[in-house]
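The chain contents come next:
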Amino acid sequence: MFPIGRLLKDLFVASRMEPLPLTAVHRSRHICWPWDLDIWLELNNGRAMTLYDLGRTMLAQRVGLIGALRQNRWGMTVAGTSVRFRRRIRGFERFEMRSRAVAWDDRFIYLEQSMWKANGDCASHVMLRTAITDANGIVPPAKVLAAIGKENVQSPSMPSWINAWCQADATRPWPPMSDEKVGLA
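Residues numbered from 1 in each chain as written. Predicted model: local features only at pLDDT ≥ 70, side-chain atom pairs only at ≥ 80, totals over all residues. Heavy atoms only, no water.

Q: Explain the overall build of the chain here, please?
A: Helix and strand counts for the chain come out as five helices and six strands. Along the chain, helices and strands appear, N-terminal first, in the series α-β-α-α-β-β-β-β-β-α-α. Taking 185 residues into account, the globule formula puts the C-alpha radius of gyration at 16 Å, and the chain, at 18 Å, falls close to it. C-alpha atoms of the chain, sized along the principal axes, occupy 55 × 45 × 30 Å. Relative to its 185 residues, the chain shows a buried fraction of 41%. Counting every atom, the chain has about 11,200 Å² of accessible surface; 54% of that belongs to carbon and sulfur. When the 25 positive and 17 negative side-chain charges of the chain are each reduced to one mean point, those points stand 5 Å apart. (Helix = DSSP H or I, 4+ residues; strand = E, 2+ residues; numbered from the N terminus. Rg over C-alpha atoms; globule rule 2.2 N^0.38 Å. Buried < 20%, exposed > 50% of the residue type's maximum accessible area, 1.4 Å probe, protein only. Areas by Shrake-Rupley, 256 points an atom, 1.4 Å probe, with all protein chains shown as cover. Lys, Arg positive; Asp, Glu negative; His and termini not counted. Charge placed at Lys NZ, Arg CZ, Asp CG, Glu CD.)

Here it is, written out as structure tokens:
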């Protein structure tokens, strides 16, 4: 179940924080609660992705995007992810999440987020290709930037590791294999 209570609390907290520049890092603190655990008593990988959703929502609040989403009836969506899990986060463990926009192109906004343990170890890192959408599909980032009063802001250079991911992802077949191709029909 989506943690609505956490979302409301995080939006409230973010609304009281100073606004951030578009590519600044938003830092938030979290606790791994018992309902976040898998059978090995560590943060469930699906719940980690849900917590990353919360971090992106707080970031959106701080850069002024939430108001534009409401005003224009836009939505936020994830169009692709790449995640690395490296350290376990155990029950009741506190951790810091860092979220930031890295760059954008004519369709997508690329974000990175990470979870950091108290000892300074990075537990996980996710790169996301995200989009703002309306009833007609993807809203170009330039239009989104104009809606938040940042129409003249240029994207930072796309890091080579994100470019490499985009190029590799472009070679992936779509649609994926059907049941007929894998002999399940």
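Q: Would you mind going over the environment of Arg86 with me for this structure?
A: When you line up the elements, Arg86 lands in the loop between strand 2 (75-85) and strand 3 (94-104). Residue class for Arg86 comes out exposed when judged on its relative accessible area of 51%. Sequence separation between Arg86 and Gln61 is 25 residues; the distance between their C-alpha atoms is 29 Å. Residue contacts for Arg86: discarding those within four places in its chain leaves Cys122 and Ala123. (Contact = heavy atoms within 4.5 Å.)

Q: Hey, could you run me through the pattern of salt bridges in this one?
A: Once the charged atoms of two side chains with opposite charge are near each other, the side chains can pair. Counting across every chain of the model gives 14 salt bridges. Salt-bridge contacts for Lys9 lead to Asp10; the nearest nitrogen and oxygen are separated by 2.8 Å. Of the charged contacts, one joins Glu96 and Arg98 as a salt bridge, the two residues approaching to 2.6 Å between their closest N and O atoms. You can call Glu96 buried: its relative accessible area is 11%. Residue Arg98 is classed as partly exposed on the basis of its relative accessible area, which comes to 26%. Put simply, Arg27, Arg29, Glu96 and Arg98 are held in one network by salt bridges that share partners. (Salt bridge = Lys/Arg side-chain N within 4 Å of Asp/Glu carboxyl O.)

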